[in-house]
Amino acid sequence: VHVGCTTAVEKILLLPDFTFEMMVNKTALIIIGDDFESHLVNVAEKHLIRYLQQQQQQQNSNDTTEASDTSSSAPYRRNNSTGSMKNNDNDGNSNTSGMKQSSSSMTSNYKDRQFESCLESPVISITELRSLCWNGIPRWHRARAWKLLLGYLPSNASRHSLILQRKRSDYAAAVAQHYEIHDDIRTPQEQETLRQVLVDVPRTAPEVGLFRQQRVRLALSRLLYIWACRHPASSYVQGINDLATPFIVAFVREQLYRIGVIH
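So, how was this worked out
Residues numbered from 1 in each chain as written. Predicted model: local features only at pLDDT ≥ 70, side-chain atom pairs only at ≥ 80, totals over all residues. Heavy atoms only, no water. Buried < 20%, exposed > 50% of the residue type's maximum accessible area, 1.4 Å probe, protein only. Helix = DSSP H or I, 4+ residues; strand = E, 2+ residues; numbered from the N terminus. pLDDT = per-residue confidence, 0-100. Contact = heavy atoms within 4.5 Å. Axes fitted to C-alpha atoms, helices over the stretch in contact; angles between N-to-C directions. Parallel < 35°, antiparallel > 145°, perpendicular 65-115°, else oblique. Left-handed = near helix turned anticlockwise from the far one by under 90°. Core = buried A, V, L, I, M, F, W, Y, C linked by side-chain atoms within 4.5 Å. Arc of directions from axis to C-beta. Nonpolar A, V, L, I, M, F, W, Y, C, P; charged D, E, K, R; others polar. Phe/Tyr/Trp six-rings, centres within 6.5 Å; stacked < 30°, edge-to-face > 60°. Disulfide = S-S within 2.5 Å.

1. Points about helix α6 (residues 139-149)
- Within α6, 8 of the 11 residues are buried, which leaves it mostly tucked inside the rest of the structure.
- Within α6, the full set of buried residues consists of His141, Arg142, Ala143, Ala145, Trp146, Lys147, Leu148 and Leu149.
- Phi turns positive, to about 80°, at glycine 151, one or two residues after α6.

2. Things to note about the confidence of the model for the chain
- In this model, the chain carries an average pLDDT of 75, and 60% of its residues clear a pLDDT of 70 or more.
- Below a pLDDT of 50 lies the segment residues 1-5, which in the model reaches 21 contacts outside its immediate sequence neighbourhood of four places, other chains included.
- Note on residues 70-94: pLDDT under 50 across the span, and 23 contacts to partners over four residues away in sequence or across chains.

3. Things to note about the packing of helix α9 (residues 214-230) against helix α10 (residues 240-259)
- At their nearest, the axes of α9 and α10 sit 11 Å apart, and the two run at 125° to each other. It follows from the interaxial angle that α9 and α10 lie oblique. Crossing of α9 over α10 shows right-handed handedness. Touching Val216, Leu220, Leu223, Leu224 and Trp227 of α9 are Ile240, Asn241, Ala244 and Ile248, all from α10.

4. A short note on the environment of valine 237
- With respect to the helices and strands, the residue valine 237 is situated in the loop between α9 and α10.
- A relative accessible area of 32% places valine 237 in the partly exposed class.
- Sequence separation of valine 237 and glutamine 196 is 41 residues, and the distance between their C-alpha atoms is 8.4 Å.

5. Looking at the nonpolar core
- In this structure, Phe115, Leu129, Cys133, Ile137 and Leu148 are the most contacted members of the largest nonpolar core, which totals 16 residues.
- Within the residue set of this core, elements represented by two or more residues are α4 (96-119), α5 (126-133), α6 and α10.
- Sort the elements by how many residues they give to this core and α6 lands first, with 4 residues.
- Discounting chain neighbours no more than four positions away, the residues touching leucine 148 are Leu119, Ile124, Ile126, Leu129, Leu153, Pro154, Ser155 and His160.
- Listed in part, the 15 residues of the second largest apolar core include Leu224, Trp227, Ala228 and Ile248.

6. Quick word on α5
- For α5, every residue scored as buried is listed here: Leu129, Leu132 and Cys133. Around the axis of α5, the buried residues are gathered within 95° of arc, so they sit on the same side. Those residues of α5 that are exposed and aimed more than 90 degrees away from the buried face are Thr127 and Ser131.

7. Structural notes on the packing of helix α8 (residues 188-200) against α9
- Across the interface, α8 lies against α9 with an axial gap of 10 Å and an inter-helix angle of 150°. Crossing of α8 against α9: the hand is right-handed. Listed contacts from α9 to Glu190, Thr193, Leu194, Val197 and Leu198 of α8 are Ser221, Leu224, Tyr225 and Ala228.
- Grouping the constituent residues of the contact of α8 with α9 by class yields 6 nonpolar, 2 polar and 1 charged.

8. Details of the packing of aromatic side chains
- Here the structure, examined in full by the defined rule, presents 4 aromatic pairs.
- Seen from their ring centres, tryptophan 140 and tyrosine 257 are 6.3 Å apart, and the 90° between their planes marks the pair as edge-to-face. With tryptophan 140 in helix α6 and tyrosine 257 in helix α10, this residue pair connects regions lying 117 residues apart in the sequence.
- On the basis of relative accessibility, which here comes to 43%, the residue tryptophan 140 falls in the partly exposed class.
- Here the aromatic rings of phenylalanine 247 and phenylalanine 251 are separated by 6.3 Å at their centres, their planes lie at 45°, and the arrangement is tilted. Remark: phenylalanine 251 and phenylalanine 247 occur in helix α10; sequence separation between them is 4 residues, near one turn of the helix.
- You can call phenylalanine 247 buried: its relative accessible area is 10%.

9. Examining the state of the cysteines
- Applying the stated criterion across every chain yields a total of 0 disulfides.
- Here cysteine 133 stays free of any disulfide, with the sulfur of cysteine 118 as its closest cysteine sulfur at 7.6 Å.
- Judged by its relative accessible area of 1%, cysteine 133 is buried.

This is the structure in structure tokens:
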């Protein structure tokens, strides 16, 4: 199912029985909305998106109301000529729109602090993280949260560096074993799988600049082919390339935040 918003991706990740293999076997296609606005979705998918957006808007409204109740209690006076509320401590230029923006900012900052407190704990509570993620993940926390929700990283933060080093070493070995070999060494089935992967990769989100980059296409080709080699029961089918796109976007964005290219 194509879904046009990250909220849907995150809700799928939070399913109690979620596994990456399950999603692949069902060939679900998940697309991040803010990077794939031009993707067309069918009527049923539009209903799904509309429902999720309504749920998010309702939650945002509740959060804004809660933040407003806890905001500054400075005295206000009514302007008789306009009927609007204005703060006695300013020059009269503030209005209710400014108050709403301030409340929204307070809510966003509070949400960031919640994620930072959870993700910076020595032992991360997956239960608490799931609860925080249900209403959406700030994009600068998304990659790490996804890794934890998927079980790619352990809850013990002290083991993260070691686990990442081991997993990256394992993947590099898989690239050398399966991808960077001569075609004569591959079986006919493996040759056909690689051919299909190389056909589908250029078709993956071609309107998005990131996926026109040769380095990204090479990385996607390796990822899809090695997945097929490691999971012969499901192997590769058309659509798994789209499944990989939100993860590439999230993890590339994480690196760009880390090196200061985006903020």
